[in-house]
Amino acid sequence: MWTAMMAVMMLPVVGPWVLAIRRTATGSQTLLPGLFFSGYLLVWTIFSLFAATVQTILFSTGLASPMGVPTNPFVPGVILTIAGIFQIAPLKNRCLIHCQSPIGFFLTSWRDGRAGAVQMGIRHGFHCVGCCWALMALAFVAGVMNLTWMIGVTLFILIDHAILRTPVLSRVSGALFLIAGMWFLT
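Residues numbered from 1 in each chain as written. Predicted model: local features only at pLDDT ≥ 70, side-chain atom pairs only at ≥ 80, totals over all residues. Heavy atoms only, no water.

A few points about the environment of Gly 174
The condition that has to hold: Helix numbers and strand numbers start at the N terminus; a helix is a DSSP run of H or I with at least 4 residues, a strand a run of E with at least 2. Burial classes follow relative accessibility: with a 1.4 Å probe on protein chains only, a residue under 20% of its type's maximum area counts as buried, one over 50% as exposed, and anything between as partly exposed. Should any heavy atoms of two residues lie within 4.5 Å, those residues are counted as being in contact.
Examined against the element boundaries, Gly 174 turns out to sit in helix α9 (residues 168-185). By relative accessible area, which is 0% here, Gly 174 ends up buried. A sequence separation of 86 residues divides Gly 174 from Ile 88, and the C-alpha atoms of the two residues are 5.6 Å apart. Not counting chain neighbours up to four residues away, the residues in contact with Gly 174 comprise Gly 84, Gln 87 and Ile 88.

Here it is, written out as structure tokens:
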């Protein structure tokens, strides 16, 4: 469930990357976009396994329902605070800068062949997870299967990566997450 959710939510953001690699592929390289996406999806699948484990732990300890809805205000308070801190951290900004420039990445980090396409997908996937993991963790605040949250985060990431291309939205959201986290914790 987590892997499918992550794939659907991140598809609008990774789409330009897949299109960029497709435009460079010629002749026998027609599989490169799919292989790139496979490497990318592998990283998100690993993240999804971690998220599903956290969901199981929260459920088994009574801190969340089976659908990942918190049953104790401590859970959203901690998650929002951690997400807020990360959203304003330099690491978030470095990952965001990477995620905003597919052409720059391909020009400086191109790897030939099928294995190279998978490697590039994995590398981009790590940057993408590095940029978005805290936003995905907010599922444990809103509820894992909350469609409004999924659409909202997808739009947020699309605007943050493809439209604004500045760290402003990350910083503002980080401050808001911190305020909300402190509210839950008090």
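Brief notes about the packing of helix α1 (residues 2-24) against helix α8 (residues 147-164)
Applied cut-off: With axes taken as lines fitted to C-alpha atoms, and helix axes fitted only over the stretch in contact, angles between N-to-C directions fall between 0 and 180 degrees. For classification purposes, angles smaller than 35 degrees are called roughly parallel, those larger than 145 roughly antiparallel, those between 65 and 115 roughly perpendicular, and all remaining angles oblique. In a left-handed crossing the near helix is turned counterclockwise from the far helix by less than a right angle, and in a right-handed crossing that turn is clockwise.
Running from N to C, α1 and α8 point in directions that differ by 30°, and their axes come no closer than 8 Å. Classified by the angle between their axes, α1 and α8 sit roughly parallel to one another. Relative to α8, the crossing made by α1 is right-handed. Of the residues in α8, those in contact with Met 5, Met 9, Met 10, Pro 12 and Val 13 of α1 are Trp 149, Met 150, Val 153, Thr 154, Ile 157, Leu 158 and His 161.

Quick word on the nonpolar core
The test is simple: The term nonpolar core refers to a set of buried residues drawn from Ala, Val, Leu, Ile, Met, Phe, Trp, Tyr and Cys, joined through side-chain atoms within 4.5 Å.
Ranked by internal contacts, the top residues of the largest apolar core, which has 50 residues, are Met 10, Trp 44, Met 136, Trp 149 and Ile 157. Where this core is concerned, the elements lending two or more residues are α1, α2 (32-60), α3 (74-87), α4 (90-99), α5 (102-109), α6 (113-137), α7 (139-142) and α8. Aside from chain neighbours lying at most four places away, what touches Met 10 is Tyr 40, Trp 44, Cys 128, Cys 132, Met 136 and Ile 157.

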